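A structural walkthrough
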Amino acid sequence: MGAFIIAVDGPAAAGKGTLARRLATELHLAHLDTGALYRATARDVLAAGLDPADAAGAAELAGKLDPASLADPGLRGEEIGRVASIVSVHPAVRTALLDYQRNFAYHPPNEAKGAVLDGRDIGTVICPEATVKLFVTASLEARAGRRLRELETSGAPADAAAVLADLQARDERDSKRSAAPLKVATDAVLLDTSGLDADEAFGAAMSIVRARTRSFGSSQA
Ligand code: DC
């Protein structure tokens, strides 16, 4: 296979998206936010008036996703995130989204020499042979604080206790589900960003990528 792939996994609001985008820009790699696939499925489930617990209905919509709709800013909302966490529990939904993710990783668009994928199961299920695996995490309090600031900046209503409770519920669902739960791949490097700002987290991630690619004998990063 030989593709250059960076897997960035971790819980909600750990800063993986920002980090993955910056790594991709710096290293001239394509970037896929895999959470957007589950969020878009959630959006389509809600729009169709389906119950998010309906696995077959959600999987059918996941199989028909239009990749062009992944840039929809409406996907970032809290309610969509909550429903995404519910539909992502269904194995049939995960299967429906698998080929798109693998194809992106191994055949990145725009002739990029590789790809950065961020999500929950990239290093464990989607690309177990990724060149570099980062598990980006932060304490619940640090993640809730960041999410709260994001909501405040965007002008959305923000309630500290509700944000904390929502993150806790999502952590629980994402890590306790039986299909591709959130867990640290055995060969992943843990990056705790609790005490780091975005620049420091990026610097730490670049050091890990450089060290890993040196040890693989690659000259690509
Ligand atoms: O990273 P995010 O908040 O955009 O993800 C939304 C939900 O999608 C998350 O709660 C669980 C699910 N998800 C997943 O199950 N697997 C992934 N690779 C990415 C996201």
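Please refer to the structure higher up on the page.
Presented here is a report on the structure given in the accompanying data block. (Residues numbered from 1 in each chain as written. Predicted model: local features only at pLDDT ≥ 70, side-chain atom pairs only at ≥ 80, totals over all residues. Heavy atoms only, no water.)

1. So, the overall build of the chain
Counting its regular elements, the chain contains nine helices and five strands. Listing every helix and strand of the chain by position from the N terminus yields β-α-β-α-α-α-α-β-α-β-α-α-β-α. A globule of 221 residues ought to have a C-alpha radius of gyration of about 17 Å, and the chain, at 17 Å, matches this closely. Taken across its 221 residues, the chain has 49% of its residues classed as buried. Contacts in the chain between residues far apart in sequence, at least 24 positions, make up 78% of those at least 6 positions apart. When the accessible surface of the chain is totalled, it reaches about 10,300 Å², and 55% of it is carbon and sulfur. Across the chain, the centroid of the 25 positively charged side chains sits 4 Å from that of the 29 negatively charged ones. (Helix = DSSP H or I, 4+ residues; strand = E, 2+ residues; numbered from the N terminus. Rg over C-alpha atoms; globule rule 2.2 N^0.38 Å. Buried < 20%, exposed > 50% of the residue type's maximum accessible area, 1.4 Å probe, protein only. Contact = heavy atoms within 4.5 Å. Areas by Shrake-Rupley, 256 points an atom, 1.4 Å probe, with all protein chains shown as cover. Lys, Arg positive; Asp, Glu negative; His and termini not counted. Charge placed at Lys NZ, Arg CZ, Asp CG, Glu CD.)

2. Here's the deal with the sheet that holds strand E2 (residues 30-33)
Picture the strands of a sheet paired through backbone hydrogen bonds; they go either parallel or antiparallel. With respect to topology, five strands assemble into an open sheet ordered E2-E3-E1-E4-E5, the strand pairing being parallel. With partners counted over all chains shown, the strands left at the sheet margins are E2 and strand E5 (189-192), one partner each. Direction aside, neighbouring strands of the sheet carry axes that sit 20 degrees apart on average. Note that E2 and strand E3 (residues 114-119) share four bridges and pair parallel. Bridge assignment links leucine 32 to a residue of E3, and that residue is leucine 117. (Pairing = 2+ DSSP bridges. Axes fitted to C-alpha atoms, helices over the stretch in contact; angles between N-to-C directions.)

3. Section: the packing of helix H2 (residues 35-47) against helix H3 (residues 55-63)
Where H2 contacts H3, the axes come no closer than 9 Å and their chain directions differ by 120 degrees. When the interaxial angle is binned, H2 and H3 end up oblique. Classified by chirality, the crossing of H3 by H2 is right-handed. Between H2, through Thr41, Asp44 and Val45, and H3, the contact on the second element is made entirely by Ala58, Leu61 and Ala62. Looking at the contact of H2 with H3 residue by residue, the classes come out as four nonpolar, one polar and one charged. (Parallel < 35°, antiparallel > 145°, perpendicular 65-115°, else oblique. Left-handed = near helix turned anticlockwise from the far one by under 90°. Nonpolar A, V, L, I, M, F, W, Y, C, P; charged D, E, K, R; others polar.)

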